[in-house]
Amino acid sequence: NAGVTQTPKFRILKIGQSMTLQCAQDMNHNYMYWYRQDPGMGLKLIYYSVGAGITDKGEVPNGYNVSRSTTEDFPLRLELAAPSQTSVYFCASSNRYGQPQHFGDGTRLSIL
Amino acid sequence: KNEVEQSPQNLTAQEGEFITINCSYSVGISALHWLQQHPGGGIVSLFMLSSGKKKHGRLIATINIQEKHSSLHITASHPRDSAVYICAAEEGGSEKLVFGKGTKLTVNP
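Residues numbered from 1 in each chain as written. Chains lettered and ligands numbered in written order. Predicted model: local features only at pLDDT ≥ 70, side-chain atom pairs only at ≥ 80, totals over all residues. Heavy atoms only, no water.

### Quick look at the overall build of chain B
Then, number 1: Looking only at helices and strands, one finds zero helices and eleven strands in chain B.
Then, number 2: Expected size for 109 residues packed as a compact globule is a radius of gyration near 13 Å; at 13 Å, chain B falls within 12% of this value.
Then, number 3: For chain B, the spread of C-alpha atoms along the three principal axes comes to 45 × 25 × 20 Å.
Then, number 4: Put simply, chain B has 109 residues, and 46% of those count as buried.
Then, number 5: Summarising the internal contacts of chain B: among those between residues at least 6 apart in sequence, 54% fall at separations of at least 24.
Then, number 6: Total accessible area on chain B is roughly 5200 Å²; 49% of this is exposed by carbon and sulfur atoms.
Then, number 7: Where the 10 positive side-chain charges of chain B centre and where its 9 negative ones centre are 4 Å apart. (Helix = DSSP H or I, 4+ residues; strand = E, 2+ residues; numbered from the N terminus. Rg over C-alpha atoms; globule rule 2.2 N^0.38 Å. Buried < 20%, exposed > 50% of the residue type's maximum accessible area, 1.4 Å probe, protein only. Contact = heavy atoms within 4.5 Å. Areas by Shrake-Rupley, 256 points an atom, 1.4 Å probe, with all protein chains shown as cover. Lys, Arg positive; Asp, Glu negative; His and termini not counted. Charge placed at Lys NZ, Arg CZ, Asp CG, Glu CD.)

What follows is the structure, given as structure tokens:
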């Protein structure tokens, strides 16, 4: 099983550019999450989804958008990249609330 | 909002030593998660517990609900245990985890 797959692994963007971070899971998990990890800080929840067609904001949603058209995919969109969005982004999924989350390998994003 | 504090921030040990990492939280929770982040960046879930103690190999996790405190112990530490260990609090009625900042463990041979 591939588990949770994130693409790309690395990306450099210019200020104002847009991009989509891809996340796919093959475990038929209903719950999916996007986190960002900044140096010296704990993981912060950006957006999450409890099932296809349902998304909700986390702690730090500003500057991001998500969609969940299928159970498998949960892309994260940056519309106007800003230096403050330089971070490592992790996607995770779980079978249901209260279960351990499975993480992707992360996307290291730099905005210059 | 729950505040999750971990200590120590950094920990260096010699191979074979017994390791303890602590986690405290401010608000009652339904479960506490321990995760490991490898030097390459990948994150894996180690334990999820709501009471008592859990053991997996050389790793032991305990939680004291009354004191709002959890510990992760590593017995007979090995250099391959070098990683960042993260605790996260799961609040009842919320789909969200609140994460600590992590404890960076280095085990020297």
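### A short note on the layout of surface pockets
Then, number 1: Counted as a void, the largest pocket has a volume near 700 Å³.
Then, number 2: For the lining of the largest pocket, the elements supplying multiple residues, two or more each, are β9 (87-94) and β11 (107-111) of chain A together with β9 (83-90) and β11 (103-108) of chain B.
Then, number 3: Element by element, the count of residues in the lining of the largest pocket is highest for β11(B), at four residues.
Then, number 4: A class-by-class count of the residues in the lining of the largest pocket yields ten nonpolar, 14 polar and six charged.
Then, number 5: There is about 430 Å³ of room inside the second largest pocket.
Then, number 6: Lining the second largest pocket are 23 residues, and of these K44(A), K1(B), N2(B), V98(B) and F99(B) lie nearest its centre. (1 Å grid on protein atoms, 1.4 Å probe; cavity = no way out; pocket = protein on both sides within 12 Å on 5 of 7 lines; lining within 4 Å. Points joined across faces, edges and corners; volume = space filled by probe spheres on them. Nonpolar A, V, L, I, M, F, W, Y, C, P; charged D, E, K, R; others polar.)

### Thoughts on the sheet that holds strand β1 (residues 4-7) of chain B
Residue and element names in this part refer to chain B.
Then, number 1: Across the sheet, five strands lie side by side as β1-β3-β8-β7-β6; this open sheet has antiparallel pairing. Two strands close off the open sheet at either side, each with one partner strand: β1 and β6 (52-56). Averaged over all pairs of adjacent strands, the angle between their axes in this sheet comes to 15°, without regard to strand direction.
Then, number 2: Inspection of the sheet shows β1 paired to strand β3 (residues 19-25) by four bridges, in the antiparallel sense. (Pairing = 2+ DSSP bridges. Axes fitted to C-alpha atoms, helices over the stretch in contact; angles between N-to-C directions.)

### Things to note about the environment of T70(A)
All names here are of chain A.
Then, number 1: Tracing the sequence through the fold places T70 in the loop between β7 (64-66) and β8 (76-78).
Then, number 2: T70 gets classed as partly exposed once you look at its relative accessible area, which sits at 28%.
Then, number 3: Through-space distance from the C-alpha of T70 to that of A24 is 9.7 Å; in sequence the pair is 46 residues apart.
Then, number 4: In terms of polar contacts, T70 uses its side chain to reach the backbone amide nitrogen of D73, at 3.2 Å. (Polar contact = N/O pair within 3.5 Å; in protein donor to acceptor, adjacent residues only side chain to side chain.)

### Structural notes on the interface of chain A and chain B
Then, number 1: Each side of the interface is counted separately: chain A has 20 residues, and chain B has 21 residues.
Then, number 2: In total, chain A and chain B occlude about 1700 Å² of area from one another, counting both sides; carbon and sulfur atoms represent 60% of this.
Then, number 3: Connecting chain A to chain B are zero salt bridges.
Then, number 4: Scanning the region where chain A abuts chain B turns up one residue pair in polar contact (both at pLDDT 80 or more).
Then, number 5: Secondary structure elements with two or more residues in the side of chain A that touches chain B: β4 (31-37) and β5 (44-51) of chain A. (Buried area = accessible area lost by both parts, 1.4 Å probe. Salt bridge = Lys/Arg side-chain N within 4 Å of Asp/Glu carboxyl O.)

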